[in-house]
Amino acid sequence: MLGLVPSASLFGIDGHAVTVEVHISSGLPSFTVVGSPDASCREARDRVRAALLSSGCEWPLQRVTVNLAPPTVRKVGPGLDLAIAVAMLVASGQITQQAVGDRSFLGELGLDGAVRPVAGTLCLTDALGTGALVLPVPSAVEAGLVGDRILHPVRNLAEVVACLEGADPWPVPSPIEVAPPPPPTDDLADVRGQPVARFALEVAAAGGHHLLLLGPPGAGKTMLAARLPGVLPPLSDGEALQTTRVHSAAGLALPTGGLIRIPPFRAPHHGASAVALVGGGTALLRPGEISAAHNGVLFLDELAEFPPRVLDALRQPLEEGAVRVARAVASVSLPARFLLVAAMNPCPCGYGSRPGGCRCTDSARARYARRLSGPLLDRFDLRVEVTRPSVEDLLGHQPGESSASVARRVAEVRDLAVRRGVRSNSELPARRLDEVAPLSHDATRLLTDVLRSGRLSARGLHRVRRVARTIADLSGAPHEIGAAHVATALGLRVDPALDQPAPVELAG
Amino acid sequence: MTATMSAAGSAALLAGLPGIGPNRLAELLADDDPEAVWQLVVAGRVDDPHAEAWAAVARAADPAAEAARYAEAEVRVLTRADAAYPAVLAADLAPPGVLFARGELSALETPRVAIVGTRRCTGTGAGFARELGRELATAGVGVVSGLALGIDGAAHRGVLDAAGVSWAAPIGVVGCGLDVPYPARHRPLWDAVGERGVLLSEAPLGARPAPWRFPARNRIIAALADLVVVVESHAAGGSLLTVTEAIGRGIEVLAVPGSVRNPAAAGTNQLLAEGCHPVTAADDILVALGMVPGGRRSAAERRPAPDDDGRRVLEAFDWEPATLEQLVLRTGLALGVLALSVQQLLDAGWIMAQGSWYERVPSVP
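Residues numbered from 1 in each chain as written. Chains lettered and ligands numbered in written order. Predicted model: local features only at pLDDT ≥ 70, side-chain atom pairs only at ≥ 80, totals over all residues. Heavy atoms only, no water.

### Here's the deal with the environment of Leu109 of chain A
Residue and element names in this part refer to chain A. Relative to the helices and strands, Leu109 resides in strand S6 (residues 108–109). Classification of Leu109 by relative accessible area gives buried; the value is 0%. Taking C-alpha positions, Leu109 is 48 Å from Val406, a pair spaced 297 residues apart along the chain. Setting aside its immediate chain neighbours within four residues, Leu109 contacts Arg47, Val48, Ala51, Asp81, Leu82, Ala85, Ala114, Val115 and Leu157. (Helix = DSSP H or I, 4+ residues; strand = E, 2+ residues; numbered from the N terminus. Buried < 20%, exposed > 50% of the residue type's maximum accessible area, 1.4 Å probe, protein only. Contact = heavy atoms within 4.5 Å.)

Okay, structure coming up:
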């Protein structure tokens, strides 16, 4: 006897349609799962058996073979439990194949027959045909994002059996309650003083420039970074769906409405492994933190504490906006376009950048400096020192400008970039800089002087021009870039004095 | 093989015996010539707990080959018996038993001032050390220093800046072998001092820098100097060891005053509080040496005068390092205006950048 039930399995952030085939024949009682299952998939046997028995069904004491087709796709996790249980019921003659029809089934089974949600429902729903989908109740909102699908949210296996037998009608999703407005994130108004750091944050948001915050402990680096999502424009429909897919596949909690509209803010701890950061793992190829930060902000606090190998793994995704994770079984490309914000102390004691202020030994400083590779440091268009705000600023001053007001300027600058044909100014190709970011006479002279004095490398030049474009846009978008814009861009791009004291060059 | 060559080889080998320090070496060499002492060591007949270990090492060594190695490296090996051994060291409390020299020992025949200070200095401190080095060398005063990072190196760079006709050559005293430039990034400076002045060490060729060698080196710096000037020192810095050595020898110590907020000036300010004379210009040192200053005012200001914004920015520094953010808050200028002004001041040499901090530059070289 044979039972066929469609379902889907997740790999990377892509769902793959899977047909669960169950064959029951006479022979010694056994249960075999074939078709590239992983360990958690093979464990389905015990869950399905207990769930069937506690839902009042029979467990055939015969030879049971479960095939997950196509066998070329690796099946991971417990999401096929419900489909296997239904296929078992068909194969053992407890319900008919006609009753199943073209319905697909998704869900993990509890021993009591409860149907539980699985990670990646959005991606899985996408991969399934247009037939109705039976799935756990909590996943209905997420699956609903795909649109034009008939969904039957269920609570437990007994409910599914009752519907399949025709005893009950198939349930339909209850209307989604309107999502409440997102709770206000941390507001920039809380940041007192620190005009340069605030401005750097605004430039980073407006132009999509990666930002490195340097400074002693307690200067407010983390506080600043956490306010970045609040000034970024909300995600467009396309971006929101992409980001939601990644979060769904990674099994991260989704907001009430299902769709992620606020740019995500991911702040992995520096103990994170390379796999946790860029994604992978042996079986699932799960998206990592950088993909979870897709279309949002990746914040690396204590940058120098991350293992150098982990940081260097970021370089390719920073260039390409996606990360290609290859394993022996397969390789997947995961989206990873994010704004990188990092914070670090200038040296182990934290006071090293102020001339004469460091308490570290030479070798400790050298070791610290070696942890950051030049190429990675080079990716930061904006590098600013955050100093502790003065007591007067903390207590006396007016609150700073609010996030909402900064976000309006940021959105305008982003619009200008879109009109130039790029998502943000940081993506302006070098060959188009003369056309979209022409320099005034004074600005050209300033850059000539700075290049000649060696304070700026040829490679840094393009990056400074892009940042200057963003600064000019923020100050009212004159077509031509002025000397003050270039000077500000230079001022926001300091060389971290990791290897001080600055050697006084030997004359002659 | 001449007798002197063999003596040089023996002396060099004695200085390289395992576990031997400056005191023990000087004791061994107190009366006898190096060859005789060497023979005793080979025979294991010296009165020392290491005698057996030394004898084992010594039997495998060849004084003649050692002497050839030093000749090849153009390093002179001097003991107190040599006529060329600097008289000022011979008369010292703790003269080096064996002194290794590269370059011209005649560089020692001038008034000498030691300029010392912290490795972890401010740009202002390094700039002032360089200025002192340049002006003292021009005035014919030999600058003694340790070629370390920071103040030491900056002082000798100043001396080399002034290289010319009427000029006192630099005197470098180092703590490791003369073929082991340390710190490695000072190799060019090291070579320049060796070529134009003299490099001294009591460590044999190949000796790696070891922590105990630096205080010993500081004692030689103090012994060579007529005056010791501390430019910047942290509250418990290594340069204060040089000060202790100088005071023990009755050599006057001068200190450069620094900002009370500069941790790299805590040690020097403490010295001033304890009664050292302050140094605010090279002339102060010349007066302390009993020389007549004057006639050489620093070069006329060649920097283009800053504009109004530039002056506001310079005033906002108050001679302390400042970040862009601090300057914005102090001047009240718009960020764009301020950033432009900072770039112009950098170009003109009024300020310098160290990482994200800017400092005022007192005067141009």
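### A few points about the packing of helix H8 (residues 151–161) of chain B against helix H9 (residues 187–196) of chain B
Residue and element names in this part refer to chain B. At a minimum axis separation of 11 Å, H8 and H9 run at an interaxial angle of 50 degrees. In terms of axis orientation, H8 runs oblique to H9. Considering only the axes of H8 and H9, their crossing is left-handed. Where H8 abuts H9, its residues Gly153, His156, Arg157 and Leu160 lie against Leu189, Ala192, Val193 and Arg196. (Axes fitted to C-alpha atoms, helices over the stretch in contact; angles between N-to-C directions. Parallel < 35°, antiparallel > 145°, perpendicular 65-115°, else oblique. Left-handed = near helix turned anticlockwise from the far one by under 90°.)

### Description of the pairing of strand S18 (residues 382–385) of chain A
Residues and elements named next belong to chain A. Side chains Leu382 and Val384 project from S18 onto one buried face, and the interleaved Arg383 and Glu385 project onto a second face that is buried too. Pairing between strand S10 (residues 211–214) and S18: 4 bridges, direction parallel. The residue of S18 that forms the bridge with Leu214 is Glu385. (Pairing = 2+ DSSP bridges.)

### Topic: the domain arrangement of chain B
Domain parsing of chain B yields domain 1 (3–103), domain 2 (106–288) and domain 3 (308–360). A C-alpha centroid distance of 56 Å is found between domain 1 of chain B and domain 3 of chain B. (Domains from an automatic or database assignment.)

### Here's the deal with the sheet that holds strand S11 (residues 265–266) of chain A
Residues and elements named next belong to chain A. Pairing in this open sheet of 5 strands is parallel, and the strands run S11-S14-S17-S10-S18 from one edge to the other. The open sheet has two edge strands, S11 and S18, and neither has a second partner. Relative to strand S14 (residues 297–300), S11 runs parallel, the two sharing 2 bridges. Within S14, the position partnered with Phe265 by the bridge is Val297. Running over the sheet, helix H8 (residues 195–207) touches S10, strand S17 (339–344) and S18 and is turned about 165 degrees from S18.

### Notes on the interface of chain A and chain B
Facing the 41 residues of chain A at the interface are 40 residues of chain B. When the two sides are added together, the surface that chain A and chain B hide from each other amounts to roughly 3,400 Å², 59% of it contributed by carbon and sulfur. At the surface where chain A touches chain B, the tally comes to 0 salt bridges. In this assembly, chain A and chain B are joined by 5 residue pairs in polar contact (both at pLDDT 80 or more). Elements represented by at least two residues in the side of chain A that touches chain B include exactly H8, helix H16 (362–370), helix H21 (441–453) and helix H23 (483–491) of chain A. With 6 residues, the single largest contributor to the side of chain A that touches chain B is H23 of chain A. (Buried area = accessible area lost by both parts, 1.4 Å probe. Salt bridge = Lys/Arg side-chain N within 4 Å of Asp/Glu carboxyl O. Polar contact = N/O pair within 3.5 Å; in protein donor to acceptor, adjacent residues only side chain to side chain.)

### Quick word on the sheet that holds strand S1 (residues 2–11) of chain A
Residues and elements named next belong to chain A. Pairing within the open sheet is mixed, and its 4 strands lie in the order S1-S2-S4-S3. Each edge of the open sheet carries a strand with a single partner, namely S1 and strand S3 (30–34). Along the sheet, successive strands turn relative to each other by an average axial angle of 20 degrees, direction set aside.

### Section: the packing of aromatic side chains
Across all of its chains, the model carries 4 aromatic pairs over all chains by this definition. Between Phe265 of chain A and Phe299 of chain A the ring centres are 5.9 Å apart and the planes differ by 20 degrees, which places this aromatic pair in the stacked class. Residue Phe265 of chain A is located in strand S11, and its partner Phe299 of chain A is located in strand S14; the two are separated by 34 residues in the primary sequence. Over the aromatic face of Trp319 of chain B sits the side chain of Arg360 of chain B, whose NZ or CZ is 4.2 Å from the ring centroid. (Phe/Tyr/Trp six-rings, centres within 6.5 Å; stacked < 30°, edge-to-face > 60°. Lys NZ or Arg CZ within 6 Å of the ring centre and 35° of its normal.)

### Overview of H21 of chain A
All names here are of chain A. Given a rise of 1.5 Å per residue, 13 residues ought to cover 18 Å, and the 19 Å separating the end C-alpha atoms of H21 matches this to within 8%. Ala443, Leu446, Leu447 and Val450 are the residues of H21 that are buried. The arc enclosing the buried residues of H21, seen along the axis, measures out at 95 degrees, which places them on a common side. In this structure, H21 carries His441, Arg445 and Arg452 as exposed residues pointing more than 90 degrees from its buried face. At the C-terminal side of H21, Gly454 shows a positive phi close to 85 degrees. (Expected span 1.5 Å × (residues − 1). Arc of directions from axis to C-beta.)

### Some points on the pattern of salt bridges
All names here are of chain A. Going through the model one piece at a time under the given rule, you end up with 31 salt bridges over all chains. Across the salt bridge formed by Asp148 and Arg149, the nearest N and O atoms sit 3.8 Å from each other. Of the residues examined, Arg149 reaches a relative accessible area of 22% and is grouped as partly exposed. In this structure, the salt-bridge partner of Arg469 is Asp473, at a minimum N-O distance of 2.9 Å. Residue Arg469 and its partner Asp473 are located together in helix H22 (residues 458–474), separated by 4 residues, close to a single helical turn. A single burial state applies to Arg469 and to Asp473, both of which are buried. Through salt bridges with shared partners, a single ionic network connects Asp14, Asp126 and Arg245.

### Side note on the side chain of Arg112 of chain B
Residue and element names in this part refer to chain B. Relative to the assigned elements, Arg112 resides in strand S3 (residues 112–116). Within the structure, the side chain of Arg112 is placed 2.5 Å from the backbone oxygen of Leu108, a separation counted as a polar contact. Within polar-contact distance, the side chain of Arg112 engages the backbone oxygen of Leu224 at 2.5 Å. With near-sequence residues (within four places) excluded, Arg112 lies in contact with Val88, Val141, Gly142, Val144, Ile171, Leu224, Ala225, Asp226 and Leu227.

### Focus on the confidence of the model for chain B
All names here are of chain B. On average, residues of chain B score 87 in pLDDT, and 95% of them reach the 70 mark or higher. Contacts from residues 295–300, a stretch scored under 50 in pLDDT, to residues over four places away or in other chains number 6 contacts. Among the prediction metrics, the complex's ipTM stands at 0.76, with pTM recorded as 0.71. (pLDDT = per-residue confidence, 0-100.)

### Thoughts on the domain arrangement of chain A
Residues and elements named next belong to chain A. Its domain assignment divides chain A into domain 1 (2–164) and domain 2 (188–491). Distance between the C-alpha centres of domain 1 and domain 2: 44 Å. Contact with domain 1, which involves 16 residues of that partner, is made by 21 residues of domain 2. Of the roughly 1,500 Å² buried where domain 1 meets domain 2, counting both sides, 71% is carbon and sulfur surface. If you sort the residues of domain 1 by the area they bury against domain 2, Phe11, Ile13 and Leu145 come out on top, with a joint share of 38%. Applying the counting rule to domain 1 against domain 2 returns 2 salt bridges. Close ionic contact of Asp14 with Arg245 constitutes a salt bridge, the shortest N to O distance being 3.6 Å. Linking domain 1 to domain 2 there are 6 residue pairs in polar contact (both at pLDDT 80 or more). Among the secondary structure elements, those contributing two or more residues to the side of domain 1 that touches domain 2 are S1, helix H5 (121–127) and helix H6 (140–144). With 4 residues, H5 is the largest single contributor of residues to the side of domain 1 that touches domain 2.

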